[in-house]
Amino acid sequence: MPEITLQCCCGKVQGKTANLSPSTGTRLVCCCRDCQSFAGYIDQEKTVLDQYGGTDILQMPVSQLKILQGIEQIACVRLSEKGMYRWYTKCCNTPIGNTMGAGGAFVGVVHNFMDNQATRDDDFGKSRGHIQTTFARQKIPLDLRGPIFKIIASSLFKLILWKLKGYNKPSVFFDDTGKPITEPKILSQED
Ligand SMILES: [Zn+2]
Ligand SMILES: [Zn+2]
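Everything quoted here is computed from the prediction, not taken from an experiment. (Residues numbered from 1 in each chain as written. Chains lettered and ligands numbered in written order. Predicted model: local features only at pLDDT ≥ 70, side-chain atom pairs only at ≥ 80, totals over all residues. Heavy atoms only, no water.)

Engineer: Where do I start with the coordination of the zinc ion (ligand 2) in this structure?
Structural biologist: When a metal carries six donors in an octahedron, the ideal angles between them are 90 or 180 degrees, while four donors in a tetrahedron ideally lie at 109.5 degrees. Coordination of the zinc ion (ligand 2) by the protein comes from C30 (SG), C32 (SG) and C35 (SG), over a distance range of 2.2 to 2.3 Å. Sequence positions of the residues that donate to the zinc ion (ligand 2) give the spacing C-x1-C-x2-C. Of the two residues, C30 and C32, neither departs from the other in class, the shared state being buried. (Donors = N, O, S within 2.8 Å, 3.2 Å for Na, K, Ca; no water. Buried < 20%, exposed > 50% of the residue type's maximum accessible area, 1.4 Å probe, protein only.)

Engineer: Quick question: what am I supposed to make of the side chain of S171 here?
Structural biologist: Tracing the backbone shows S171 in the loop between α4 (148–164) and β11 (185–186). Within the structure, S171 has its side chain in polar contact with the backbone nitrogen of F173 (distance 2.9 Å). Only 3.2 Å separates the side chain of S171 from the backbone nitrogen of F174, close enough to count as a polar contact. (Helix = DSSP H or I, 4+ residues; strand = E, 2+ residues; numbered from the N terminus. Polar contact = N/O pair within 3.5 Å; in protein donor to acceptor, adjacent residues only side chain to side chain.)

Engineer: I would appreciate a short explanation of the environment of P2 in the present structure.
Structural biologist: Here P2 lies in the segment before β1 (5–7). Under the relative-accessibility criterion, P2 is labelled partly exposed at 41%. With 19 residues separating them along the chain, P2 and S21 place their C-alpha atoms 8.0 Å apart. When residues no more than four places from it in sequence are discounted, the contact partners of P2 are T17, A18, N19 and D123. (Contact = heavy atoms within 4.5 Å.)

Engineer: Explain the sheet that holds strand β8 (residues 95–99) to me, please; I cannot follow it from the model alone.
Structural biologist: Remark on secondary structure: sheet strands pair via backbone hydrogen bonds, oriented parallel or antiparallel. Within the open sheet, the 8 strands sit side by side as β10-β3-β4-β9-β8-β7-β6-β11. Their pairing is mixed. Each of the sheet's edge strands pairs with one partner strand only, and the pair in question is β10 (130–131) and β11. Strand direction decides the pairing type here: strand β3 (residues 26–30) and β10, joined by 2 bridges, are parallel. Within β10, the residue paired with C30 across the bridge is I131. Helix-sheet contacts for helix α1 (residues 33–41) involve β3, β4 (55–61), β6 (74–78), β7 (85–89), β8 and β11, and the interaxial angle to β7 is about 30 degrees. Of the strands in this sheet, β3, β4, β9 (106–110) and β10 are in contact with α4, which crosses β3 at around 125 degrees. (Pairing = 2+ DSSP bridges. Axes fitted to C-alpha atoms, helices over the stretch in contact; angles between N-to-C directions.)

Engineer: Help me out: how do you make sense of the sheet that holds strand β2 (residues 14–17) in this one?
Structural biologist: As summarised here, the arrangement of the 3 strands in space is β1-β2-β5, forming an open sheet in which the pairing is antiparallel. With partners counted over all chains shown, the strands left at the sheet margins are β1 and β5 (65–69), one partner each. Within the sheet, the average angular offset between the axes of one strand and its neighbour, ignoring direction, is 30 degrees.

Engineer: Which parts of the structure should I look at to understand unusual backbone geometry?
Structural biologist: At the junction of K169 and P170, the peptide bond is cis and its omega measures out at -10 degrees in the coordinates. Within the fold, P170 resides in the loop between α4 and β11. The phi dihedral of N93 falls on the positive side, at around 55 degrees, and the residue is not glycine. Summarising the element assignment, N93 is placed in the loop between β7 and β8. The exposure class assigned to N93 is partly exposed, which follows from its relative accessible area of 24%. Positive phi outside glycine occurs at Q132, with the angle close to 55 degrees. Structurally, Q132 is set in the loop between β10 and α4.

If you want it as C-alpha cells, here you go:
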C-alpha cells in the first residue's frame, strides 16, 4: 500500500499515512450506533454513511498517521464519558477517525479523510465486510456481512501486536504525557 494522502473536505487539514504493507490495516464497515451518531453529530450522515448506515474505516497504527498542516483545526467529541475519542476537523466537519486513549495503538480512519476513493480496493484490499449489523438501517445482504468472529479476532490480534510494538507513539492526537491535543467535548444524554 502506497502512502495515502489525507485531507479534509476544504483542504485546510492535510496529512499522510506511512507506507503501510497491504496486510497492515484492517478495512471494515462499522454499522454501530455510535459511528452513526458521530456522523450525525458532525452533520455528515450523507457523506459518511452508506445505505446501511455503515462507516467505511481503515484500522491502522496511530503512529503511522501524520498531520502535515492544519492540526489546530482538529476537534474531538466523545459520545459518553467512556466513549471513544472521535476526531474531526472543525473547518469543514470532515471525520478523521476514532481512537481509544493515549495508550491505544490504533486509529480507525474514516474513508472521507482519505484521498483514495477511486483506488481504495487496490490500496487496502476489499473491505472485510459490515460489522455490528444489528444496527444497520436496512437488511444487509449476506455477502456484504463480514465474518464477524474472524474480523474481531484479527483486529484484536493487531491491537495487541501494535501496542507491543509501541505503535501508539508518536500520536498526532495525544501529547507525550497522554493528554489529548484538544479537549474532547463529552456529550450528555440530551446532546
Ligand atoms: Zn476542512
Ligand atoms: Zn462503529
